[in-house]
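Read off the chains here:
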Amino acid sequence: MTRIFRVESLKSNLGVAETVELSAPPLRDGDVLVRIERFALTTNNMTYAVYGDAIGYWNLFPASLAGYGCMPVWGFATVVASRAPDVAVGRRVFGYFPIATHLTMQPAQVTSRSFVDGAPHRSGTPKVYNLYEFQPDHADPRMDSLVSIFRALFITSYTAADYLRERAFFGAEQFVISSASSKTAYGVAHCLADVPARKIALTSARNRPFVERLGCYDAAFDYADCVSIDATKKTVYIDLSGDGSLRRSVHAHLGDKLAFDCLVGSTQATGFPERDPTLPGPAPVFFFAALQLDAYKAAGQSRAFMERYARDERAFLGRIARPDAQWMRMVEHVGLDDAGAVIAGLHDGTTDPSVGHVFVDAAA
């Protein structure tokens, strides 16, 4: 019987995580068992947890402990047992996993390129979270690590920039980007590099030197100094922090010059934001990358988008991987023992933004 280890997060305090040991149930006809070989942990995973009930992320991988949830991560896995005729043992896949050593799935809609996990409890969530893409047999560990860290982050950055571009950036003369040290935030700034409007970073005093070194923002302000941002220019607020107090300060300061508030993530929030009728200016609009991808599919533009995205993602990862780049250094963790500490650091904001945390299978 295969022993499975999995990390589960306390929903009421996401900084608390427990490692549980499970036994893999016998495979039924149509099932596969994969061994999760590499995944990343970033602030994006905290966003999934914050919105776990509101959007349904907790439903994807049901937890064994009462009051806990399985935080989803992106990574690579290899099929180690199969009773699915179209998915052979040894196939590598990239997709959405729990923080665990293994996962049992029910492949459906199998093609030469991918399959969907057809487990009933995974219905009702956007297809992008249930899609697993087949990978080359021979892994490139460094590239797999970069993809694990950045694929979900950069596609969010990229589609958010597309969303704004399709709406003529709401006439913005400047973009104010909160949680500017986060990888999704500086991905947005990178994607907006061709837009003349200024990119203004909002960040903590501790992370400001890192943000200024990135070179993708025109100016950086501490959160407490957001009132120093030029309030005479038409502004789009791209909110990666989800912090309600900061949002109110930004809205009050910019007044009628705030053209749009795009809520992309929640690195500092504890739940889905409630509508506040007393908030000055436009109500925040939650941006959900999966819906943008669904819109491309509905319009018959998925293939063209993915070709464009793949090209631009390669360029972005190439920039990240340059030896002289100061954007990120990789820290590799073997096994799951460090997961709880990394999650706690992401939760309380003490994680070094220049670090990319990757977890690799201890048996690899």
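Residues numbered from 1 in each chain as written. Predicted model: local features only at pLDDT ≥ 70, side-chain atom pairs only at ≥ 80, totals over all residues. Heavy atoms only, no water.

**Q** Sorry if this is basic, but what is going on with the sheet that holds strand S2 (residues 17–23) here?
**A** Sheets are built from strands that pair by backbone hydrogen bonding, the pairs being arranged parallel or antiparallel. Taken together, the three strands give an open sheet; going across it, the order is S2-S1-S4, and neighbouring strands pair in antiparallel fashion. Edge strands, defined here as strands with exactly one partner in the open sheet, are S2 and strand S4 (68–69). As judged from the seven bridges shared by strand S1 (residues 3–10) and S2, these two strands associate in the antiparallel manner. Within the sheet, the bridge partner assigned to Phe-5 lies in S2 and is Glu-21. (Pairing = 2+ DSSP bridges. Helix = DSSP H or I, 4+ residues; strand = E, 2+ residues; numbered from the N terminus.)

**Q** Explain the packing of aromatic side chains here, please?
**A** By convention here, two paired aromatic rings are described through the distance between centres and the angle between planes. Throughout the structure, instances matching the rule amount to 31 aromatic pairs. Relative to Tyr-132, the ring of Phe-115 has its centre 5.5 Å away and its plane inclined at 20°; by these criteria the two rings are stacked. Taken together, the positions of Phe-115 in strand S9 (residues 114–117) and Tyr-132 in strand S10 (residues 131–135) put the pair 17 residues apart, joining distant regions of the chain. For Tyr-132, a relative accessible area of 0% corresponds to the buried category. Pairing Phe-316 with Trp-327 gives two aromatic rings, centres 6.1 Å apart and planes at 65°, and the pair type is edge-to-face. Of this pair, Phe-316 sits in helix H8 (residues 302–321) while Trp-327 is found in the loop between H8 and strand S17 (329–334), placing the two residues eleven residues apart along the sequence. With a relative accessible area of 0%, Phe-316 lands in the buried category. According to the relative accessible area criterion, Trp-327 is buried, its value standing at 5%. For Arg-167, the ring lying beneath its charged end belongs to Tyr-163, and the centroid distance is 3.7 Å. (Phe/Tyr/Trp six-rings, centres within 6.5 Å; stacked < 30°, edge-to-face > 60°. Buried < 20%, exposed > 50% of the residue type's maximum accessible area, 1.4 Å probe, protein only. Lys NZ or Arg CZ within 6 Å of the ring centre and 35° of its normal.)

**Q** Looking at this structure, I do not really get the layout of surface pockets. What am I missing?
**A** A probe matching the size of a water molecule, rolled over the atoms, marks out where space remains unfilled. The calculated volume of the second largest pocket comes to roughly 450 Å³. Taken together, 21 residues line the second largest pocket, and the ones lying closest to its centre are Arg-6, Pro-25, Leu-103, Thr-104 and His-121. Contributing elements (two or more residues each) for the lining of the second largest pocket: S1, S2 and strand S7 (102–105). In terms of residue count, S7 provides more of the lining of the second largest pocket than any other element does, four residues in total. (1 Å grid on protein atoms, 1.4 Å probe; cavity = no way out; pocket = protein on both sides within 12 Å on 5 of 7 lines; lining within 4 Å. Points joined across faces, edges and corners; volume = space filled by probe spheres on them.)

**Q** I tried to follow the side chain of Ser-157 on my own but got confused; where do I start?
**A** In this structure, Ser-157 sits in helix H3 (residues 141–166). Classification of Ser-157 as buried rests on a relative accessible area of 0%. Once residues lying within four places of it in the same chain are set aside, the contact partners of Ser-157 are Lys-183, Thr-184, Gly-187, Val-188 and Cys-191. (Contact = heavy atoms within 4.5 Å.)

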